[in-house]
Each structure stands twice: as structure tokens, then as C-alpha cells.
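# Observations on the model geometry
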Amino acid sequence: MRADRLITALLYLQGRPRVTAAELAAELEVSVGTARRDLEALSMAGIPVYPQPGRGGGWSLLGGARTDLSGLTASETQALFRLLGPSASATDELKSALRKLVRALPATFREDAEAASSATVIDPGKWGAIPLPRPALVDELQSAVVARQQVRLVYRGRTAEPSDRVVDPWGLVDKGGVWYLIAGSLKGRRTFRVDRIVSASVLEEHFERPTDFDLADAWSSISSELESRRSETVAEVVVPTDEVFVLREHFGIHCTVLSESRGRSRVQVAAPTPLDIARWLAGWGAGAEVLSPASVRSELARIGAELVARYAG
């Protein structure tokens, strides 16, 4: 867990005019490379941590040594808590550390710091293993979540034409590289995939997030519902054992090896519809045998017949 190290690193820097990566590594009991990456992470997040090359150099906070967090600006404070908040939700110790950091802030920054720390939830489980780039709108939406400002979205669903709507951005979730925005709307709570947002404009109007809203709890409920939709069709497939990893890359958490014998594995996969499974397995040809259900076998037979009709002879 890196959040506790980053907190310790920041506090360590505040008490010293200059720190080398080797000194920080000894303090954190990590490698010099890990300590250097932690320092770079703080710097990339917007905290004024800068390297000073040359003899007698090292890393330091801009402005010299400090004994508390009052030297951070509002934007720097938000950057720090956006970086640490998602990881700190994992343990009571890290939650306690963040609470102590909040109390060390100037009073005018505390509300925004708390909002920033709860703006994002990280769910490391993946729907599948196809890597996706981080959407460009994530930073802008995070800022709107922290500032409690409404956002006008142009959103394209899976099948519908793009539509325009104004929402209250309550929080963001990183689900194994797939980003979601959870927001309030005239129709209640809604969930949007960030990579399907065509455009987002932050408005001047502010909103109040419901006092009983907890981002982690909301995502747990939403994730369970999405998982149910994504696994409505379950199929058993036999494939060569050394190619099971291909199924895992596509189906992610919805791929389970049931048994293995003589170089062949019986695998359970799940997807929203029989056609979703059949379309993907059709490319395996005779390399994959679907044992069940009949609906997936029927879809494969139909796809095969269509290919024969078009290409045979």
C-alpha cells in the first residue's frame, strides 16, 4: 500500500531542508528506487517537491523546511488528497493518517481536502484485461467533484445517440482502468462510463452532495448490479490448457478453470448474452468446444452456417 509511504515521505520532507532518495529509503525501509518513485509521484501530483541536482543536492519542498502542512496552497492540498484518498480507503490506519493530515491543514482548506480524498474510489478488479487509456476528462471531472460544481455532459450510451444533460458529479471510480462517474440527476443517481462522455463543461452552479452518500458503498452496489448483467449467460468451454490465458484476457473475472486433463481445460466463462460468447469463440474454430448451454451452441452453429453460405465455393 503506497499511500502510507507518501504521507510519511511528505512529513519527513517537511522537517528537513533537503533529503536524498537514499535517506528517505532508509527512513521508509524501501529500496532507493522505490523512494525515488514516491518522490516523483508527489511531484507529479502537484505537491511542490523538487529535485536539486549536483553535489549536496537532493529533494526538498519549495520554500524550505516546514513543521506543518500550512505551507501548501489550496490546489496543492487537493492534489495531495486526490492522490492519497483512494488508496487510504483500504485500511483503518490509513484513514486515521488522513484524518490527522486534515487536522494539520489550515481551516479554509479542510473541506476541500476531505472532498478530494473521497472524490475517487479505486477498484482493481477488471471486467476484462484489455488495457484502456486514462480518459482525458478524468482530471476535469475530479475537479468538479471536489468543487461541488455541476457539469453539462454530452454522453453516448452503448446504443443511443449522444444526449445532453446536467448532472451533479458525486464521485469517480477507477475499475481496473475503466473509469465511471457517479452523479446525481433529475432522475436520481446515474452512472456514466467516462470514455463514453463526448464532452463535459463545468458550470458555475454548485450543488450539495447528499449527506448519506458514501462513494465506496455506492460503487459496491453498482458494481454488484453490473456484475450480474455481465454474467447473465454462463458457458462451459473446453480449450487447450496452454491457451486458457487468452480466455482470461478477454473475460477477466468471468473466467474460471473448472478442471484440467491431458492438456485440455474445462473453463467456465460468462457474458451478457449467448451471442456475446459465440461471437468471440467463433474465431477459435475447432480449437474450442462449447459443452453448454445449448443457446451458445446454437449461435455458433448459426454463425458457422452464415460463413459457409458466404464463403464456401
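Read on for an overview of the structure. (Residues numbered from 1 in each chain as written. Predicted model: local features only at pLDDT ≥ 70, side-chain atom pairs only at ≥ 80, totals over all residues. Heavy atoms only, no water.)

## Points about helix H8 (residues 215–230)
Compared with the 22 Å implied by 1.5 Å per residue over 16 residues, the 22 Å span of H8 between its first and last C-alpha is a close match. Within H8, burial applies to Leu215, Ala218, Trp219, Ile222, Ser223, Leu226 and Glu227. Along the axis of H8, the buried positions cluster into a sector of 160°, meaning they face one direction only. A side-chain oxygen of the first residue of H8 lies 3.2 Å from the backbone nitrogen of Ala216; this N-cap is Asp214. (Helix = DSSP H or I, 4+ residues; strand = E, 2+ residues; numbered from the N terminus. Expected span 1.5 Å × (residues − 1). Buried < 20%, exposed > 50% of the residue type's maximum accessible area, 1.4 Å probe, protein only. Arc of directions from axis to C-beta. Polar contact = N/O pair within 3.5 Å; in protein donor to acceptor, adjacent residues only side chain to side chain.)

## Side note on the sheet that holds strand E10 (residues 255–261)
Remark on secondary structure: sheet strands pair via backbone hydrogen bonds, oriented parallel or antiparallel. Read across the sheet, four strands follow the order E10-E11-E9-E12 without closing on themselves; strand pairing throughout is antiparallel. If you trace the sheet from one side to the other, it starts and ends with E10 and strand E12 (289–292), each paired once. The sheet shows a mean angle of 25° between the axes of neighbouring strands, taken without regard to direction. Taken together, the six bridges between E10 and strand E11 (residues 264–271) define a ladder with antiparallel strand orientation. Bridge pairing in E11 places Glu260 opposite Ser265. Of the strands in this sheet, strand E9 (233–240), E10 and E11 touch helix H9 (residues 244–251), which is tilted by about 10° from E11. (Pairing = 2+ DSSP bridges. Axes fitted to C-alpha atoms, helices over the stretch in contact; angles between N-to-C directions. Contact = heavy atoms within 4.5 Å.)

## Brief notes about the nonpolar core
Among the nonpolar cores identified, the biggest contains 18 residues, and Val237, Val239, Leu247, Val269, Ile277 and Leu281 are the most heavily contacted of them. Of all the elements in the fold, those that place two or more residues in this core are E9, H9, E11, helix H10 (274–281) and helix H11 (294–311). If near-sequence neighbours (up to four positions away) are discounted, Val239 is found in contact with Val244, Leu247, Gly263, Arg264, Ser265, Val267, Trp284, Gly287 and Ala288. In terms of nonpolar packing, the next biggest core, distinct from the first, is built from 17 residues, Ala9, Ala25, Ala35 and Val49 among them. (Core = buried A, V, L, I, M, F, W, Y, C linked by side-chain atoms within 4.5 Å.)

## Looking at the packing of aromatic side chains
Applying the stated criterion across every chain yields a total of five aromatic pairs. Aromatic pair Tyr180 and Trp219: ring centres 5.2 Å apart, planes at 40°, arrangement tilted. Note that Tyr180 is positioned in strand E6 (residues 178–185) and Trp219 in helix H8, a separation of 39 residues in sequence. Look at Tyr180 and you get buried, because its relative accessible area is 6%. Trp219 gets classed as buried once you look at its relative accessible area, which sits at 3%. Between Trp280 and Trp284, the aromatic rings sit 5.9 Å apart at their centres with planes inclined by 55°, giving tilted as the arrangement. Its relative accessible area of 23% is what places Trp280 among the partly exposed residues. What makes Trp284 buried here is its relative accessible area of 17%. Members of the aromatic cluster, joined through ring pairs, are Phe251, Trp280 and Trp284. (Phe/Tyr/Trp six-rings, centres within 6.5 Å; stacked < 30°, edge-to-face > 60°.)

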